[in-house]
Amino acid sequence: MTVAITPVSNPIAEPRHDWRQEEVLDLLAQPFNDLLFQAQLVHRATFDANRIQVSRLLSIKTGSCPEDCKYCPQSAHYDTGLEKAKLLEVETVLEAAKAARDSGASRFCMGAAWRGPGHDFDTVLRMVEGVKSLGLETCASLGLLSGEQARQLKDAGLDYYNHNIDTSEEHYEQVVTTRSFQDRLDTLEHVRDAGLKVCCGGIVGLGEERVDRARMLLTLANMPKHPESVPINLLIKIPGTPLEENAQVDPFDFVRTIAAARIMLPQSLVRLSAGRQGMSDELQALCFLAGAHSVFCGVKLLTAGNASPDQDKSLFGRLGLRPM
Ligand code: SAM
Ligand code: DTB
Ligand code: SF4
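Turning our attention to the overall build of the protein. Within the protein, the secondary structure is distributed over 11 helices and 10 strands. Against the compact-globule benchmark of 20 Å for 324 residues, the protein has a radius of gyration of 19 Å, which places it among compact chains. For the protein, the C-alpha atoms occupy an extent of roughly 60 × 50 × 40 Å along the three principal directions. Within the protein, buried positions represent 55% of all 324 residues. Taking the contacts inside the protein whose residues are at least 6 apart along the sequence as the reference set, 76% of them involve residues at least 24 apart. A total of about 14400 Å² of accessible surface is found on the protein, and carbon and sulfur atoms cover 52% of it. With 34 positive and 42 negative side-chain charges, the protein shows a spacing of 5 Å between the two charge centroids.

Turning our attention to the site of ligand 2. Taken together, the neighbourhood of ligand 2 is formed by Leu-57, Pro-73, Asn-162, Asn-164, Pro-231, Asn-233, Ser-273, Phe-296, Leu-301, Leu-302, Thr-303 and Ala-304. Here an oxygen atom of ligand 2 and a side-chain polar atom of Asn-164 are 2.8 Å apart. A distance of 2.6 Å separates an oxygen atom of ligand 2 from a polar atom in the side chain of Thr-303. A total of 400 Å² of accessible area belongs to ligand 2 in isolation, and the protein chains cover 89% of it. Considered class by class, the residues forming the shell around ligand 2 number 7 nonpolar, 5 polar and no charged.

A separate point is the side chain of Arg-256. For Arg-256, the location among the structural elements is in helix 9 (residues 251-264). Taking the relative accessible area as the measure of exposure, Arg-256 reaches 12% and is therefore buried. A polar contact is formed between the side chain of Arg-256 and the backbone oxygen of Gln-30, at a distance of 2.6 Å. Discounting chain neighbours no more than four positions away, the residues touching Arg-256 are Leu-28, Ala-29, Gln-30, Pro-31, Phe-32, Leu-35 and Arg-210.

Attention now moves to the pattern of salt bridges. Under the counting rule described, the total for this entry stands at 22 salt bridges. Across the salt bridge formed by Lys-70 and Asp-68, the nearest N and O atoms sit 2.9 Å from each other. Both residues of the pair, Lys-70 and Asp-68, belong to the buried class. With a closest N to O distance of 3.9 Å, Asp-253 and Arg-256 form a salt bridge. In this pair, Asp-253 and Arg-256 are both assigned in helix 9, 3 residues apart and thus about one turn of the helix distant. Asp-253 sits in the partly exposed class, given a relative accessible area of 21%.

This brings us to the environment of Arg-115. As for its placement among the helices and strands, Arg-115 is situated in the loop between strand 2 (107-112) and helix 4 (121-133). Of the residues examined, Arg-115 reaches a relative accessible area of 36% and is grouped as partly exposed. For Arg-115 and Leu-87, which are 28 residues apart along the polypeptide, the C-alpha to C-alpha distance reads 14 Å. Excluding anything up to four places from it in sequence, Arg-115 contacts Cys-65, Pro-66, Glu-67, Leu-142, Gly-143, Leu-144, Thr-178 and Arg-179. Within the local environment of Arg-115, its side chain forms a polar contact with the side chain of Glu-67, the two groups lying 3.0 Å apart.

The next thing to look at is the environment of Leu-272. When you line up the elements, Leu-272 lands in strand 8 (residues 269-272). Judged by relative accessible area, which is 0%, Leu-272 ranks as buried. Spatially, the C-alpha atom of Leu-272 lies 5.7 Å from that of Ala-292, the residues being 20 residues apart in sequence. The residues touching Leu-272, leaving out its near neighbours within four places in the chain, are Ile-232, Phe-254, Ile-258, Met-279, Gln-284, Cys-287, Phe-288, Ala-292, Ser-294, Val-295 and Phe-296.

What follows concerns the nonpolar core. Ile-60, Tyr-71, Leu-142, Leu-153 and Phe-254 are the most contacted members of the largest nonpolar core, which totals 92 residues. With 8 residues, helix 9 is the single largest residue contributor to this core. In this structure Leu-142 touches Ile-60, Met-110, Ala-112, Trp-114, Arg-115, Gly-116, Pro-117, Phe-121, Val-124, Leu-153 and Tyr-161, once residues within four positions along its chain are discounted. Listed in part, the 7 residues of the second largest apolar core include Leu-57, Cys-139, Ala-274 and Leu-301.

Closest axis-to-axis distance for the helix 1 (residues 21-29)/helix 8 (residues 210-221) pair is 9 Å, and the angle between their directions is 120°. In this view, helix 1 runs oblique relative to helix 8, as classed from their interaxial angle. Here the hand of the crossing between helix 1 and helix 8 comes out right-handed. Only Arg-210, Val-211, Ala-214, Arg-215 and Leu-218 of helix 8 make contact with helix 1, whose side of the interface consists of Gln-21, Val-24, Leu-25, Leu-28 and Ala-29. Classifying every residue of the contact of helix 1 with helix 8 by side-chain character gives 7 nonpolar, 1 polar and 2 charged.

About the criteria used
- Residues numbered from 1 in each chain as written.
- Chains lettered and ligands numbered in written order.
- Predicted model: local features only at pLDDT ≥ 70, side-chain atom pairs only at ≥ 80, totals over all residues.
- Heavy atoms only, no water.
- Helix = DSSP H or I, 4+ residues; strand = E, 2+ residues; numbered from the N terminus.
- Rg over C-alpha atoms; globule rule 2.2 N^0.38 Å.
- Buried < 20%, exposed > 50% of the residue type's maximum accessible area, 1.4 Å probe, protein only.
- Contact = heavy atoms within 4.5 Å.
- Areas by Shrake-Rupley, 256 points an atom, 1.4 Å probe, with all protein chains shown as cover.
- Lys, Arg positive; Asp, Glu negative; His and termini not counted.
- Charge placed at Lys NZ, Arg CZ, Asp CG, Glu CD.
- Near = heavy atom within 4 Å.
- Polar contact = N/O pair within 3.5 Å; in protein donor to acceptor, adjacent residues only side chain to side chain.
- Nonpolar A, V, L, I, M, F, W, Y, C, P; charged D, E, K, R; others polar.
- Salt bridge = Lys/Arg side-chain N within 4 Å of Asp/Glu carboxyl O.
- Core = buried A, V, L, I, M, F, W, Y, C linked by side-chain atoms within 4.5 Å.
- Axes fitted to C-alpha atoms, helices over the stretch in contact; angles between N-to-C directions.
- Parallel < 35°, antiparallel > 145°, perpendicular 65-115°, else oblique.
- Left-handed = near helix turned anticlockwise from the far one by under 90°.

So, in structure tokens, the structure goes:
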């Protein structure tokens, strides 16, 4: 007699879209060990806990951005001593993408210091086509998009669009004044409607309270479809920006945010994103234990420093983490 084996759905890993604020605050306030244990259970229900996804960033247009994001080295509102650069040539981007692929990255993300794409959008579409043809997953982070621009990116072969909500709606205007939280949500809707995958997360360390972190996660988890990728950035305090003197985040609170993201977004790729430079190996290991399973590789993020490739090789080796 043959016994039919039907896959059993694991309720812990089923996406929910009805999270309540009290629930998230309770989650974040749990004893640390309980929170991490729960995050591991959720993580292992869907993913191989010893695999890590590796992405590579490239700034395709650097600095002189008209937006006033108070964390950002590229805003024209602040003097951060940044070396600015106009839109790169397509060939330059493809060379960088090949190098990223050869060094083990599976996704290539092109970021531009724009409020949104302008007259040179066609050049970006050619970059996307070229990077896709190298066999890499493609991602772009170009600011606010119209529905038509999102469709053009999809047609060019874009897989993911990165557009972060950064923080809670309530805290947003303390951090950005040139656009609204709703503007970000509108772009995310255009991205979804175009059939692109969504990469959307935020930053910890913007002077927010725990309740803001809870609300940011609520916004992500209560979207009709969860973002496929969720970058959790630790603020890089850039000299010259208004947030340069922000208080240090308790590292355990950062890990808690990752663990809550893992639990609330059980099937999303959670990325330990900006802020790894200067982070101890032990803290990064805790982030991985909390369910982060993606990083940016390479010495640079867009303009700021990142963990060095040698450090990563040694860390992944010591932890037995293998690239996806
Ligand atoms: N201009 C586009 C936009 O804002 O959507 C794309 C590039 S922007 C640099 C991408 C993201 O980088 C921001 O949304 C923010 O979350 C993150 N970021 C920028 N500066 C950062 C910093 N100093 N520390 C941590 N994350 C940062
Ligand atoms: C994301 O959440 N973090 C990346 C990517 N998406 C585009 C950007 C981090 C930028 C850190 C500051 C810099 O390198 O300029
Ligand atoms: Fe410009 Fe993006 Fe930086 Fe804001 S985060 S200043 S939109 S590059």
